[in-house]
Structure formats: structure tokens, C-alpha cells
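Below, each chain spelled out in residue letters.
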Amino acid sequence: MAQDSDDREMEDAAPGAEANESTNGDIIKEKQRLRLLPGSTDTAASFAFEKEDHTLGNALRYMIMKNPEVEFCGYSIPHPSEAVMNLRIQTFDNVSVFEVLRKGLTDLTDLCDVVEDKFTAARDEFDAAHPDGEKA
């Protein structure tokens, strides 16, 4: 299959090319996107994540529930027109929900890194096996 001359491969983003940096290198201060909701304790807390949805909610809930020190973890999207995801965590005695949240986010980041590495390796292997650009 021939490629159109307009088709171009996307370049990988430069390291550190995050959304918090403008094109001239100035750092843009962004509103905090994670809030602790009222009524929280060290072992039971609710958090509001701004500009997040089911994509993060379900994945984070899954990673947190894998922790044996967690009694309950659930998330909700209060209303489809609001870009807010609420996360509730309850832990067994003397286990900090804040440490559980931090561990869940770290574990999810690590998992995403593994998926990205495996995808990149498979893509590179495919590209090496098909140098003429033909699809399998």
C-alpha cells in the first residue's frame, strides 16, 4: 500500500515539553487540580480531581484496591457537564489515605511506563520487519 505524500510520522515530544511550559520557556502557574474534600480523616478521605474523568478514575481505583491495606476505594463523576472526578479512599486502622493515594498514583505511573516501553519496542520491531512501510 503506497503512502500519501502528505502523511508524515509524528515526532516524539521533547523531554520536559509539558503543558506547564510556554513556547518561550516561561513556566505557567496552573491552578491546583487536586483538592481534599471536607470531612476527611487520616483513614477515610474524599478527593476531587479537576479536569479528570473515568480514564483516571477507574485506573486509579483499580491500582489503589490492589493494596491490601485499603478497605474501600471508589470514584464518581458527579455530573457529566463538570470536569471533576471524586475519589473516596478508606483504609484499615493506622494506614494513611494520603500515603495510599501517593502509592496508587506512583504504581499507575510505573504501569504506564511499562506499557509505553512495551508498545515502543513492539512498534520498533514491526517497523524493522516492514522497512518499506507496508502493513501486515
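As a starting point, this report considers the structure included with it. (Residues numbered from 1 in each chain as written. Predicted model: local features only at pLDDT ≥ 70, side-chain atom pairs only at ≥ 80, totals over all residues. Heavy atoms only, no water.)

Take the pattern of salt bridges next. What the rule picks out here adds up to five salt bridges. Residues Glu50 and Arg35 are paired through a salt bridge, measuring 3.5 Å at the closest nitrogen-oxygen approach. Of this pair, Glu50 sits in strand β2 (residues 44-50) while Arg35 is found in strand β1 (residues 34-36), placing the two residues 15 residues apart along the sequence. By relative accessible area, which is 18% here, Glu50 ends up buried. As a salt-bridge pair, Asp107 and Lys103 come within 2.8 Å of each other at their nearest N and O atoms. (Salt bridge = Lys/Arg side-chain N within 4 Å of Asp/Glu carboxyl O. Helix = DSSP H or I, 4+ residues; strand = E, 2+ residues; numbered from the N terminus. Buried < 20%, exposed > 50% of the residue type's maximum accessible area, 1.4 Å probe, protein only.)

This part covers the side chain of Ser46. Relative to the helices and strands, Ser46 resides in strand β2. For Ser46, a relative accessible area of 16% gives the class buried. Side chain to side chain, Ser46 and Arg88 meet in a polar contact 3.1 Å long. Aside from chain neighbours lying at most four places away, what touches Ser46 is Arg35, Leu36, Leu37, Ser40, Leu87 and Arg88. (Polar contact = N/O pair within 3.5 Å; in protein donor to acceptor, adjacent residues only side chain to side chain. Contact = heavy atoms within 4.5 Å.)

Glancing now at unusual backbone geometry. At Lys51, a residue that is not glycine, the phi angle is positive and equals roughly 60 degrees. Taking the relative accessible area as the measure of exposure, Lys51 reaches 59% and is therefore exposed.

This brings us to helix α2 (residues 97-129). Over its 33 residues, α2 extends 48 Å from the first C-alpha to the last, a length consistent with the 48 Å expected when each residue adds 1.5 Å. Summarising the contacts, the buried residues of α2 are in contact with β1, β2, α1 (54-65), β3 (70-76) and β4 (84-91). For α2, the capping residue at the N-terminal end is Ser96, with a side-chain oxygen 3.2 Å from the backbone nitrogen of Phe98. (Expected span 1.5 Å × (residues − 1).)

Let us look at the nonpolar core. Phe47, Phe49, Leu60, Ile64, Leu87, Ile89 and Leu101 are the most contacted members of the largest nonpolar core, which has 17 residues in total. If you list the elements that add at least two residues to this core, you get β2, α1, β3, β4 and α2. Residues within four places of Leu87 in sequence aside, it is in contact with Ala45, Ser46, Phe47, Phe49, Leu60, Ile64, Cys73, Gly74, Tyr75 and Leu101. (Core = buried A, V, L, I, M, F, W, Y, C linked by side-chain atoms within 4.5 Å.)

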